[in-house]
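Per-entry structural report
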Amino acid sequence: MAVASFTVGDLLDRLAFWVEGANTADAVLRPNYLAGLQTALVDLVYECDMHTFQTRGTITFSAAGGEYTALPDDFDHFLNPFIVYTANPQDRVHYVTPEEFDRKSLEEVYGTSTGKPRIFTLRGTNIHAGATHASSSGSQQIIVHPTPDATYAARYWYFARPSNFEADTDGTTIVDKRFPEQFKYTILHSALVEFFDRMIDRQEVQVHEKKLMDWKRKIRLWNSNSVASMSQRRERVGMVNGRLYRPGDRWDGSSTTPWQNPS
């Protein structure tokens, strides 16, 4: 069964009816409607921490790419402070703060300037204008150390930003399918309360505020009862298949080989 979807037009028509009493959005108001709906969607995703926007990404470190690697366009933040190599032994590349990464003693601490990356930090893409960014228009990149001496594949989990629909021209754009269709009215109530409250009666605003609170409660309940949330709780107590493990060591729950300085 396909994932249920809804379009920008679905939201616009309903919003226009509630604000203007019309079945079609006014051409002058339409850009403002789109901006309000988009912001409402983003706010709900972040505020409710919707597990459907937790995304697995893959990354390749290579000697050709150097120490800089672009992150996906929709990347917002890492869900774990490490990246896991896909090949055995599935050891990790650990996050460090930019301050720690920038210490001059890196080579002394980690023993080499090139090799299999062991640590990374986050930076904006504007600090490096190399060819490694050709495949992404995202705002963030990672920098690794040591600089790769070969090609290494890895994967990670991150929280994704919702797709932007403000450029829609005819209402046919599909709203990000990661936002469940059954909660679409929450976007409308949120947009009305936040951006268009001056265009409707105060009594109507109060009705939408109450409905918004109720929908948020439903979303949080749905989110907390998800398999993803149950898995996270299990990880926090350190159990996989009935036995203890160190969270995140390997994707199958087994232990990694302890990291050692490259020879």
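Quick note: structure is the one above.
Below, the structure is looked at part by part. (Residues numbered from 1 in each chain as written. Predicted model: local features only at pLDDT ≥ 70, side-chain atom pairs only at ≥ 80, totals over all residues. Heavy atoms only, no water.)

**A closer look at the packing of aromatic side chains**
Under the definition given, this model contains 15 aromatic pairs. Geometrically, the ring pair formed by Phe-78 and Phe-120 is tilted, given 5.2 Å between the ring centres and 55 degrees between the ring planes. With Phe-78 in strand 3 (residues 75–78) and Phe-120 in strand 7 (residues 119–124), this residue pair connects regions lying 42 residues apart in the sequence. Here Phe-78 and Phe-120 have matching classes, each one buried. With centroids separated by 5.7 Å and ring planes inclined at 40 degrees, the aromatic side chains of Tyr-156 and Tyr-158 adopt a geometry described as tilted. Each of the two residues, Tyr-156 as well as Tyr-158, counts as buried. Lys-218 extends its terminal NZ or CZ atom over the ring of Trp-215, reaching a point 4.5 Å from the ring centre. (Phe/Tyr/Trp six-rings, centres within 6.5 Å; stacked < 30°, edge-to-face > 60°. Helix = DSSP H or I, 4+ residues; strand = E, 2+ residues; numbered from the N terminus. Buried < 20%, exposed > 50% of the residue type's maximum accessible area, 1.4 Å probe, protein only. Lys NZ or Arg CZ within 6 Å of the ring centre and 35° of its normal.)

**Details of the nonpolar core**
In this structure, Leu-15, Tyr-33, Leu-37, Phe-179 and Ile-187 are the most contacted members of the largest nonpolar core, which totals 34 residues. Looking at this core, the elements with two or more residues in it are helix 1 (8–20), helix 2 (30–48), helix 5 (184–195) and helix 6 (202–224). Among the elements that line this core, the one with the most residues is helix 2, at eight residues. Tyr-33 has contacts with Leu-12, Leu-15, Ala-16, Val-19, Glu-20, Ala-25 and Phe-196, leaving out every residue within four places of it along the chain. With 16 residues, the next largest nonpolar core counts Phe-78, Ile-83, Phe-120 and Tyr-158 among its residues. (Core = buried A, V, L, I, M, F, W, Y, C linked by side-chain atoms within 4.5 Å. Contact = heavy atoms within 4.5 Å.)

**A word on the packing of helix 1 against helix 2**
It is the contact of helix 1 with helix 2, at a shortest axis distance of 11 Å, that shows an interaxial angle of 110 degrees. In terms of orientation, helix 1 lies roughly perpendicular with respect to helix 2. Judged by the twist between their axes, the crossing of helix 1 over helix 2 is right-handed. Residues Val-8, Leu-11, Leu-12, Leu-15, Ala-16, Val-19 and Glu-20 of helix 1 form the contact with helix 2, whose own contacting residues are Arg-30, Tyr-33, Leu-34 and Leu-37. Its residues assigned to classes, the contact of helix 1 with helix 2 comprises nine nonpolar, no polar and two charged. (Axes fitted to C-alpha atoms, helices over the stretch in contact; angles between N-to-C directions. Parallel < 35°, antiparallel > 145°, perpendicular 65-115°, else oblique. Left-handed = near helix turned anticlockwise from the far one by under 90°. Nonpolar A, V, L, I, M, F, W, Y, C, P; charged D, E, K, R; others polar.)

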